[in-house]
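# Topology and contacts: notes
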Amino acid sequence: MSNKKAAWFSAFINVVPADYEKWLEDLALQGWNIDKIGQWSSIRMVFKHTTPKHYRYVFDMQAAPKKDYKATYEQFGWEFVGQMASAFIWRKEYDGERPESFSDAESVIKRNTNVMYAVMVSFILFLITAVALTVCFILFFNTLNLSDILQYVLGFTLSYLFTLYLGYVINKIRKNRLR
Amino acid sequence: MNIEKLRKRFIPMSETMFYILYSLQEERHGYGIMQFVKELTNGRIVLGAGTIYQSLCKLEGDGLIEPVKEEDRKKIYVITKAGRTILLEEARRIQEIYRCVEGLL
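Each chain has its residues counted from 1, running along the sequence as written. Chains and ligands are labelled by the order in which they are written, letters from A for the one and numbers from 1 for the other. Predicted model: local features are reported for residues with pLDDT of at least 70 only, side-chain atom pairs are reported and counted for 80 or more only, and whole-chain, interface and lining totals are derived from all residues. Water and hydrogen atoms were dropped before computing side-chain values, which therefore reflect all heavy atoms in the structure.

Looking up chain B in an unreviewed UniProt entry gives the name Transcriptional regulator, PadR family, with the organism given as Acetanaerobacterium elongatum.

By the naming in an unreviewed UniProt entry, chain A is DUF2812 domain-containing protein, taken from Acetanaerobacterium elongatum.

## Considering the UniProt feature "domain: Transcription regulator PadR N-terminal" (unreviewed entry) in chain B
The criterion, for reference: UniProt positions are given in the numbering used here, feature names are shortened, and annotations may be inferred rather than shown by experiment. Put simply, DSSP H or I for four residues or longer makes a helix, DSSP E for two residues or longer makes a strand, and each gets a number counted from the N terminus.
The sites that UniProt annotates as "domain: Transcription regulator PadR N-terminal" (unreviewed entry) are residues 20-87 of chain B. Measuring from the first to the last C-alpha atom of residues 20-87 of chain B gives 10 Å, for a span that is 51% helix and 19% strand.

## Looking at the packing of aromatic side chains
The test is simple: Any Phe, Tyr or Trp ring, taking Trp's six-membered ring, that has another such ring centre within 6.5 Å forms a pair; planes under 30 degrees apart are called stacked, those over 60 apart edge-to-face, and the others tilted. Accessibility here uses a 1.4 Å probe with only protein chains present; expressed as a share of the type maximum, an area under 20% marks a residue as buried, one over 50% as exposed, and anything in between as partly exposed.
Overall, the coordinates contain 26 aromatic pairs over all chains when judged by the stated rule. Aromatic side chains A:F137 and A:F141 sit 5.4 Å apart centroid to centroid with 80 degrees between the ring planes, which places their arrangement in the edge-to-face category. Judged by its relative accessible area of 13%, A:F137 falls in the buried class. On the basis of an interplanar angle of 20 degrees and a centroid distance of 6.1 Å, the ring pair of B:F18 and B:Y22 is categorised as stacked. Taken together, the positions of B:F18 and B:Y22, both in helix α2 (residues 15-23) and four residues apart, correspond to about one turn of that helix. Take B:F18: its relative accessible area is 16%, and that puts it in the buried class.

## Observations concerning the pairing of strand β5 (residues 79-84) of chain A
Residues and elements named next belong to chain A. Condition: Here the rule is simple: two strands pair whenever DSSP picks up at least two bridges between them.
Across five bridges, the pairing between β5 and strand β6 (residues 87-93) is antiparallel. Note on β6: the bridge partner recorded for F80 is W90. Where β5 hands over to β6, the hairpin turn is made up of two residues, of which A85 adopts a positive phi near 50 degrees.

Here you go:
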């Protein structure tokens with residue numbers, strides 16, 4: 001068995017923060033561990049096979065963390081694993097009761113709302129792109145040759161598809177905002 | 001922010017918010033707040049790092065608490081005058097509930 005494995009598009013598959021945390025936790029239990037999460041980890045991350053670990057992972061969204069953000073987590077014994085855009089990943093080894101970073105319903109909802117807003121920004125950007133491409137396509141249709149037409153159609157189709165996907169993500173996080 | 005807006009925003013407040021504000025009658029940092037509240041509630045409430053960070057941001061943003069100093073990247077906070085006004089009003093509200101439940105039990 002290879003002692004490395006890659007996970008593709010993990011953040012796009014496990015879109016609910018609590019599911020992402022659980023996915024990382026389950027992998028760690030099977031001995032698949034990661035040393036560092038970086039900017040591109042949402043697309044591809046590589047796990048190394050080590051001894052199984054009992055980690056509690058936390059997914060936190062902070063668009064503008066203050067300078068005591070990391071210090072606060074570290075004081076509580078959380079290890080900083082890395083960051084993908086504004087998403088911070090923390091973990092803590094445990095035995096017995098599963099540690100929580102968000103200890104009441106209000107702060108769990110706030111965390112999930114922050115994630116939802118971040119996805120909404122991308123949703124709006126992709127929607128604007130799709131609509132702009134469609135409008136240009138219609139306005140300039142008479143001047144386009146076949147290859148231009150194909151490029152436009154591909155461009156707005158992909159943008160609409162991704163907008164739809166992001167809409168699905170927003171709705172799924174909203175439905176699961178309590179956990 | 002004027003006191004009327006603060007009232008609307010914070011009263012009634014969550015148990016977490018109340019205990020954090022209450023504990024900042026003395027200067028404390030995040031971890032110190034967690035320990036204090038845990039002891040005060042006999043281990044019933046164990047505040048998490050994310051919850052404390054969020055709550056401190058909100059309380060500081062609305063001027064209910066303020067940072068007084070920093071010890072190796074840890075910010076130490078204390079309640080402000082506006083924070084104390086809100087805390088006392090909330091305490092009175094809870095006292096009213098307390099009187100009600102006393103009759104009930």
